[in-house]
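What the coordinates show
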Amino acid sequence: MPTKQNPPPIPKELPPCDGPKLNLFEHHDSEIEWIERLGCKGESSREGYVFRVKINNVEYALKVFKFHDPMQNEWWWGTHVDDLTPQIAAYYEDPFYNECRAYGRIRKPLRGKRKLSDAAVACHGFLFLSDRDRQYLEDNEYDLLSSIVDPSYQETTIEGFRIRAIVKDLASEDHGVTGDNLGKVLNRIVALNQHQIVTRDVRLDNIRDGKMVDFGNSFTLPHIIMQSELVRHAEHEFNMAWDRWMFDEMVRKLTIARKLVTLLEPFKGKLVHNHLLIDPAGAILPRSSPDYQPLRCAIRAAVFDALAVSHDTFDSVFVFTDFQSDDEVGSAVMGEYRAMAARRGCTFVPITLTCSKEENLRRLVSSERSAHGKLTDTELVARLRDNAVTHQSPGDPFQLELDLTELDAEAAARMVHQHILDVCVELGKEGH
Ligand SMILES: Nc1ncnc2c1ncn2[C@@H]1O[C@H](COP(=O)(O)OP(=O)(O)OP(=O)(O)O)[C@@H](O)[C@H]1O
Ligand SMILES: [Mg+2]
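Keep in mind that what you see is a predicted model, and the values were worked out from it rather than measured. Position numbers for residues start from 1 in each chain and track the written sequence from start to end. In the order they appear in the text, chains get letters beginning with A and ligands get numbers beginning with 1. With pLDDT at 70 or above as the cut-off, local features in this predicted model cover only qualifying residues; side-chain atom pairs require 80 or more to be listed or tallied, and sums for whole chains, interfaces and linings still use all residues.

1. Remarks on the site of ligand 1
The environment of ligand 1 is made up of 20 residues, and the closest members are G39, E47, A61, A171 and D214. In this description a helix means any DSSP run of H or I spanning at least four residues, a strand means any run of E spanning at least two, and both kinds are numbered starting from the N terminus. Counting only elements with at least two residues in the shell around ligand 1, the list comes to strand 4 (48–55), strand 5 (58–65) and strand 7 (164–169). When grouped by side-chain class, the residues that make up the shell around ligand 1 number 7 nonpolar, 5 polar and 8 charged. For each residue, a C-beta atom is placed from the backbone, and the residue counts as near a molecule or strand when that atom lies within 6 Å of it. For this classification, Asp, Glu, Lys and Arg are treated as charged, while Ala, Val, Leu, Ile, Met, Phe, Trp, Tyr, Cys and Pro are nonpolar and the rest, including Gly, are polar.

And the structure:
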């Protein structure tokens, strides 16, 4: 990766344009002790990588951003704003700057609006990584250049080839969204919206301890592209609706599991939330410990073993919630579920919940857009695809993949319930 001989001084705040700005991290020149990567370890990331680090003896989460090429989104900003340079456009659509602007607003909230301080996991500022840190990332094969197509553009940016990162409080591994605090979490999202921040990415992965943690996809007003003559108000309304819709979606999935267990009451249905199996390990060991993953595996093994051999579990149907990726780790855990069900002599029924974001949002904003909007359907769909979440399909004969686009939680729970009755012959045999 090319580096400049004499890079310009590090700015005290970023981005250098209208609107909110994030401060330089107080200890930006202190040594960083890299501990471990957080989040989906096996997966490649769109925006960058998040690490648990220690700086001046305090643990933080450090989000390291990939280099960004604004020309990839020129079809969007280029058609809406005349004479915009890629350098300025990047301040409004590069995930690093999206986070700077959102956290800049959280740092200096608008007056007379709801409290904002606890809406997001706290942020301490940005920093540019040292050569030593760059070496650490290179040695460990974290690719930061994948989206760069034009080094001559990068040369002209304020950061040059320096690697950008944002320092946040280290939150727990738990999203912290439960049946009891849904109202509180929604209030936090509404508060962000009131302060003119739209996250555009409300989902469990981006929430830690009930607070938003990922603003890489967010828009914060004032916004040169969102507020251009051509895009106008409708677009902002659209994005606020998007936050609400994603929240509803998240809640719907949690609700389906609960309703399903109620429907399975005649079979003594029981819900085992994935965090019941993870939290004991997290309570006693740091995730960096070599003993952490083996402990999680041992807890799962002990619980699964009881389900396989203890007769006192045999009169119940168990509903597990889980989020597994399509990689090796995900298939290994799915294998453990299957092995347990086989030993137990029961049917294992994987249910995958999907949803068409495109269709739902199109409906949500169609009236608005016909009145004001200038976006064409093609552009809209392209943007939504950019942010699509991928789902896994294990390809199992008993699998049910349910598209939630047209379904409310009640109907979805009923369909899953019916599917379970259809494929689990053992339930019929017992005469229920
Ligand atoms: N402050 C934090 N404390 C604890 N864990 C965190 C923190 N920030 C991020 N994580 C973990 O790292 C993951 C990725 O973080 P984040 O969502 O900010 O990155 P991303 O590159 O936008 O990822 P994606 O594109 O998958 O949304 C989160 O899902 C979460 O598990
Ligand atoms: Mg994220």
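2. Side note on the confidence of the model for the chain
As a per-residue measure, pLDDT reflects the predictor's confidence and takes values from 0 up to 100. Within the chain, residue pLDDT values average 84, and 83% of them lie at 70 or more. Whether two residues are in contact is decided by their C-beta atoms, placed from the backbone, lying within 7 Å. In this model residues 365–393 is a low-confidence stretch, pLDDT under 50, and it forms 34 contacts with partners more than four residues away in sequence or in other chains.

3. Re unusual backbone geometry
For residues besides glycine, phi is generally negative; the peptide bonds are generally trans as well. In this chain, L14 is followed by P15 through a cis amide linkage whose omega measures -5 degrees. Its place among the elements puts P15 in the loop between strand 1 (13–14) and strand 2 (22–23). In this structure, the amide linkage connecting L221 to the following residue, P222, adopts the cis form with an omega of 0 degrees. Among the structural elements, P222 can be located in the loop between strand 11 (219–220) and helix 7 (232–263). The phi dihedral of E141 falls on the positive side, at around 60 degrees, and the residue is not glycine. Along the chain, E141 turns up in the loop between helix 4 (131–139) and helix 5 (151–155). With 6 C-beta atoms counted inside 10 Å, the residue E141 sits in the exposed group. Phi is positive for K268, close to 50 degrees, though the residue is something other than glycine. Put simply, a residue is buried when 20 or more other C-beta atoms lie within 10 Å of its own C-beta and exposed when 12 or fewer do; between those, it is partly exposed, and each C-beta is set from the backbone.

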